[in-house]
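Each chain, letter by letter, is given below.
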Amino acid sequence: ATAATGLRLVHVLNSVFEDIRANEHEIGFSMSGVVHSFLRDCAAFRSITNGAADESFVGFALTEPAPTTGANNASIYLIDCLASLGNAPRLSVSIGMQLQGAFADTHVIRLETSAMAQGIVVDGRATTLARARQRSGHLNLLIDAPVLDGCGRTGISVSGLAAGAAVEVRSPYIALSATGSVAIAARQTQGAFDVIGGQGIVQAVEYSLAGLRLDVVQA
């Protein structure tokens, strides 16, 4: 709530934002309690820091508000957006896009990230959600044709999905840097998590078992 943010949307319905640049913020774009809204051709960029050891950067942060608000993100479309780093800034955390809590009917189309530690992080936090949100809050998350270049840790990380989850990743391109470890990781996750096609470059080996890690908890 206090992080320097380029564009913060809270409890917004039916909005469209296009061709917006958020440079040198801690969070480029923040969405909380947002429904049926579009970000098109929006970019978040970070290249400088104050030198503190705990500085972080998240290009696109989709988080669920406090449970008392009775709202969560739903029907969000991120189309042709970009999150990138330049000048190798010292950051403890750098994430292209982060989804936390409930995120039903969210479509991420052709997202690009460059030089981030983690390209896309999905943290459903199922154990913190009410039963109704566990049933519907993780439905219809589509990540279509992302380009995640130079990831220093993981390309796509998925965790905390409820038993009713339905998450699909189509045709990802994931290239890890020399420090990268896993192209796609799924941990403590239930429901359906599908990966269809795609290319993963892990230490110059295209889609090996070293690039895919699954730790699935059955319902």
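Reading guide: rules and limits
- Residues numbered from 1 in each chain as written.
- Predicted model: local features only at pLDDT ≥ 70, side-chain atom pairs only at ≥ 80, totals over all residues.
- Heavy atoms only, no water.
- Helix = DSSP H or I, 4+ residues; strand = E, 2+ residues; numbered from the N terminus.
- Buried < 20%, exposed > 50% of the residue type's maximum accessible area, 1.4 Å probe, protein only.
- Areas by Shrake-Rupley, 256 points an atom, 1.4 Å probe, with all protein chains shown as cover.
- Pairing = 2+ DSSP bridges.
- Polar contact = N/O pair within 3.5 Å; in protein donor to acceptor, adjacent residues only side chain to side chain.
- Contact = heavy atoms within 4.5 Å.

Colleague: Please clarify how the overall build of the chain should be interpreted in this entry.
Modeller: Helix and strand content of the chain: one helix and 21 strands. The buried share among the 219 residues of the chain stands at 49%. Surface exposure of the chain reaches about 9900 Å², of which carbon and sulfur atoms provide 51%.

Colleague: So what exactly am I meant to see when it comes to the pairing of strand β6 (residues 73-79) here?
Modeller: The side chains of a regular strand alternate between the sheet's two faces. In terms of burial, β6 is largely enclosed, as six of its seven residues are buried. Sheet analysis places strand β3 (residues 27-40) next to β6, joined by five bridges and oriented parallel. What sits directly across from S37, in β6, is I76.

Colleague: In this structure, what is going on with the side chain of H107? I would like to understand it.
Modeller: Assignment of secondary structure puts H107 in strand β9 (residues 103-109). A distance of 3.5 Å separates a polar atom in the side chain of H107 from a polar atom in the side chain of N140. Apart from the residues lying within four places of it in its own chain, the contact partners of H107 are I76, Y77, L78, N140 and L142.

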